Amino acid sequence: MRRDDNLLSYRYDVLTKMGYLRKEIPECITSNLNPKFKLREYQIEAVARFIHYLNEYQDRTKPTQLLFNMATGSGKTVLMAANILYLYEQGYRNFLFFVNSTNIIEKTRDNFLNPLSPKYLFNENIKFDNKQIHIREVSNFDESNEEDINIIFTTIQGLHSQLNLFKENSVTLEDFKDRKIVLISDEAHHINVWTKKRLSRKEEELKSTWEHTVSSILYSNPENILLEYTATIDLENPAIFEKYRDKLIFEYDLKQFRADGYSKEVKVLQSDLDNWERMLQAVILSQYRRKIAEKYRIQLKPVILFKSKSIKESRENFDLFRSRLDNLSTKDIESIRSRLHGTVLEKVFNYLEDNKIEIDNFIAELKEDFSESKCVLLDSENINREHQINLNNLEDKNNEIRAIFAVKMLDEGWDVLNLFDIVRLYDTRDGRWTKDGRYIPGNTTIAERQLIGRGARYYPFKINAEDDPFKRKFDEQVNHELRILEELYYHSKHNPRYIKELTTTLKDYGIIPREEREVVIKVKDEIKKTDFYTKGVIFINSKVKADRKTIKDIRDLDIKRTFRYRLETGTIKENTIFRDQVTDYSTVETKTERIDLTSFGRSVIRKAMAKLEFYKFNNLKKYFPGLSSSLQFINSLNEIKVDLTGSEKRIKNLTPEDKLRICVYVLKEIEKEIINSYVEYRGSEQFKPVRIKDILKDKKVKIDINESGDQEKGVPMSHPKHPDLALNLREKNWYLFEENYGTFEEKSLIRFIDTVYDKLTQKYSDVYLLRNEKMFKIYSFKDGRTFEPDFVLFLKKENSDKLEQIQIFIEPKGDYLTEKDRWKEDFLLEIEKRYRIKPEPELVMENNDYILIGLPFYSENKKREFEKIFEEKIKIKRG
């Protein structure tokens, strides 16, 4: 059984939660990755851990071996590219990339080497210290260029063969001597064939296994690094766990990936139809999906995968599809229509009717979109480089492929976002159930699970400007027609036992939730009769373009102005191995002295700026629109201080080289500060009124039960897991909805409001608590980030001559999320100081007072602090 606290990744989890891990990504990565691949939060975490391990982790081993266990579709390849760029800056030039299958090699070559590929990983110009470098493929490291990134692409089998069977220009073990090498293993679980609980005698004798081959290369030089990336690792296997206990640096499994909203939701559609009818069903659904995308001006060409058990069956299914689709008739469509009641296909025909699309015209569309030239038959006997490139670029607008017929070739290493339907054209099972009720999946089910995991990658799109294109948007609007763009359908023959086994496997793997529930969040009927509902308003701000015209130089930015630099002391020490004896040949006393950066003189600063691409005048103008010259920027550095640490003699006798080196270092640090402070948008300080009745509506939402580890999530407050949280909200006229299905912290907050309600009503005529079910958003003043506060408390006091309305934003937050969401709390606490009410004659009365307040996070650990601040703001005291 795995012990998480023994894992390297657990130690880093603790560092992150305590706020000790620095998350600033070096400029060598941010400026050299393809700009369209902006690092996500979890990728930034992975890079930060990697950098910390290499430079600061006290128990780092050499040679270094690290494993990144990341969900299929979570961007492992982007992380590889980021790590390669960082290692280049650390002096590494030679990289050996190996995988298990040839088709993954072709895809990876394209992503790493072809700037015209839509999935090319790097910037158009890769620059280090203002010098352009290139990504080069080499067959061995004798061909390496010391100025470039040199990569050998190979398979595990090919690498093993080359090292054991000498061939001209092939890789040999001699290539790895006296060179620092970075080995990169994709789908890394394949190199663990040697890691078992017990080895047979034959296996003990067999030193030339794939895993041994990799180990031989790694240990040929203590400076070598092996980076492994996989979505699949069996940590329940004691031998695997022990091997990776101190190597697994980052875990981001499919369950978390899906919970964070980065994947499609998976639906299983089983039907008692023959192969042709199931294929037609998928084609109809796929075409509907395309029409919905077109309606919202989303460029999408959805793809279907038809999966067979053997090459022979795949070709037979391809021929069947061609003969039937080319002769498709109204009768075929009506046959499907007559049996679709209660399924997603019912929406398709409702859409066709509502939009007056004739069946004959729809058939013509299907024949055109799924013509023979737009369907691919793919198997080991029918694969070429062109096929591989097309499969890697299925999302490209010039790629017209709509359907793929395959057997096993796409189970691993296939990067595809626009796969929305997988049709299983066989009906075999190979798993087994144990006596204690556990299901052990067979190879077939495991392969299907992996394939579904690949198809579950989210297809990016935006509806509103502030949408994250890479995240699901309609979890809480399950009836929205765009929801179909967030779902992957797995079409299977009606076989309840198989579906149970597949569902069990998908739940174990995290592709689908253990338990999900659709509930209707209903506004109370009596609330709809109140003045609060019919006449009341909520004040929200807008996301606006940041006005940067007034930013002229460093002095206009709120950034760090003091930096540290340590000079070399010249100290020499000799250690005796196996003894704690250290001989000091020189002892130097150090001191720290603060100096002005501009004291080095303009010419030194100019030289330092010339070495850094960022400080080109045209680039500076992007960040400082009001900047008139480079001299103006240099003069603005007069506020920058440097804390120099070194011997007194060194500090007093800085050489020109010292000054230039210090200048370059400090300018690089300032560059990070400038980039981090740059924002294109901000939240307006003006809050405009919106009618309550326009946002407060009944909603059907999907809730994943216990997915976040919170036992209360998805459970009604009338019957919670924790009895002390129980509350019948139907009887509480201050709560707008009939029920709450929130987290422990949310229910706890509601209980708190219930305890102070009587006190509130002594002072205020109206008291209402609104749970924000995706009804409104507000935007951070600093950078325009979108925030949906969980609750708003409305208080109204009527005096003789005017009305006072207080609107309080409240966000319950679990302790584990506090650090991650710190910016939200900072924003909440700024609202009271900075808000302005936008006058709207019909909604806002001029002589009334409208007060907006944001409170600190509500959490169980800081409950008393919250209550104290709440009482101070509302000016009540609990008895």
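Right above here is the structure, for reference.
Predicted model only: the values in this text are computed from it and were never measured. (Residues numbered from 1 in each chain as written. Predicted model: local features only at pLDDT ≥ 70, side-chain atom pairs only at ≥ 80, totals over all residues. Heavy atoms only, no water.)

1. Remarks on the overall build of the protein chain
Per the secondary structure count, the protein chain includes 29 helices and 35 strands. For the protein chain, the spread of C-alpha atoms along the principal axes amounts to about 85 × 80 × 55 Å. Sequence-distant contacts in the protein chain: of pairs separated by 6 or more residues, those separated by 24 or more amount to 77%. Looking at the protein chain as shown, the accessible area adds up to about 42000 Å², and 45% of this sits on carbon and sulfur atoms. Counting 154 positive and 150 negative side-chain charges, the protein chain places the averaged centre of each group 2 Å from the other. (Helix = DSSP H or I, 4+ residues; strand = E, 2+ residues; numbered from the N terminus. Contact = heavy atoms within 4.5 Å. Areas by Shrake-Rupley, 256 points an atom, 1.4 Å probe, with all protein chains shown as cover. Lys, Arg positive; Asp, Glu negative; His and termini not counted. Charge placed at Lys NZ, Arg CZ, Asp CG, Glu CD.)

2. A few points about the packing of helix 3 (residues 41-55) against helix 4 (residues 76-89)
Where helix 3 meets helix 4, the closest approach of the two axes is 10 Å, and the angle between their N-to-C directions is 30°. For the crossing formed where helix 3 meets helix 4, the hand is right-handed. Across the interface between the two elements, Gln43, Ala46, Val47, Phe50, Ile51, Leu54 and Asn55 from helix 3 touch Val78, Leu79, Ala82, Asn83, Tyr86 and Leu87 from helix 4. Class assignment of the residues belonging to the contact of helix 3 with helix 4 gives a composition of ten nonpolar, three polar and no charged. (Axes fitted to C-alpha atoms, helices over the stretch in contact; angles between N-to-C directions. Left-handed = near helix turned anticlockwise from the far one by under 90°. Nonpolar A, V, L, I, M, F, W, Y, C, P; charged D, E, K, R; others polar.)

3. Some words on helix 17 (residues 443-455)
An ideal rise of 1.5 Å per residue puts 18 Å on 13 residues; helix 17 measures up with 18 Å between its terminal C-alpha atoms. Considered for burial, the residues of helix 17 that qualify are Thr444, Thr445, Ala447, Glu448, Arg449, Gln450, Leu451, Ile452, Gly453, Arg454 and Gly455. (Expected span 1.5 Å × (residues − 1). Buried < 20%, exposed > 50% of the residue type's maximum accessible area, 1.4 Å probe, protein only.)

4. As for the sheet that holds strand 21 (residues 562-566)
As summarised here, the arrangement of the three strands in space is 21-25-24, forming an open sheet in which the pairing is mixed. For this open sheet the edge positions go to strand 21 and strand 24 (590-596), each flanked by a neighbour on one side alone. Averaged over all neighbouring strand pairs, the angle between strand axes comes to 25°, with direction disregarded. Of the strands in this sheet, strand 21 and strand 25 (641-647) touch helix 24 (residues 656-677), which is tilted by about 140° from strand 21. (Pairing = 2+ DSSP bridges.)

5. Side note on the pattern of salt bridges
The full count for this structure, using the stated rule, is 66 salt bridges. The salt bridge involving Glu137 is made with Arg109; its shortest N-O contact spans 2.7 Å. Here Arg109 lies in helix 5 (residues 102-113) and Glu137 lies in strand 5 (residues 135-137), a separation of 28 residues in the sequence. Glu137 gets classed as partly exposed once you look at its relative accessible area, which sits at 36%. When the shortest N-O distance is used, the salt bridge between Asp783 and Arg785 registers 3.2 Å. Salt bridges sharing common partners tie together Glu265, Arg472, Asp475, Arg483, Glu486 and Glu487. (Salt bridge = Lys/Arg side-chain N within 4 Å of Asp/Glu carboxyl O.)

6. Things to note about the environment of Gln807
Mapped onto the elements, Gln807 comes out in strand 33 (residues 803-810). Residue Gln807 is classed as buried on the basis of its relative accessible area, which comes to 0%. For Gln807 and Arg822, which are 15 residues apart along the polypeptide, the C-alpha to C-alpha distance reads 22 Å. Contacts of Gln807, omitting those with residues within four sequence positions, involve Val537, Ile538, Phe539, Val792, Leu793, Phe794, Ile851, Leu852 and Ile853. Of the polar contacts made by the side chain of Gln807, one reaches the backbone oxygen of Phe539; its length is 2.8 Å. (Polar contact = N/O pair within 3.5 Å; in protein donor to acceptor, adjacent residues only side chain to side chain.)

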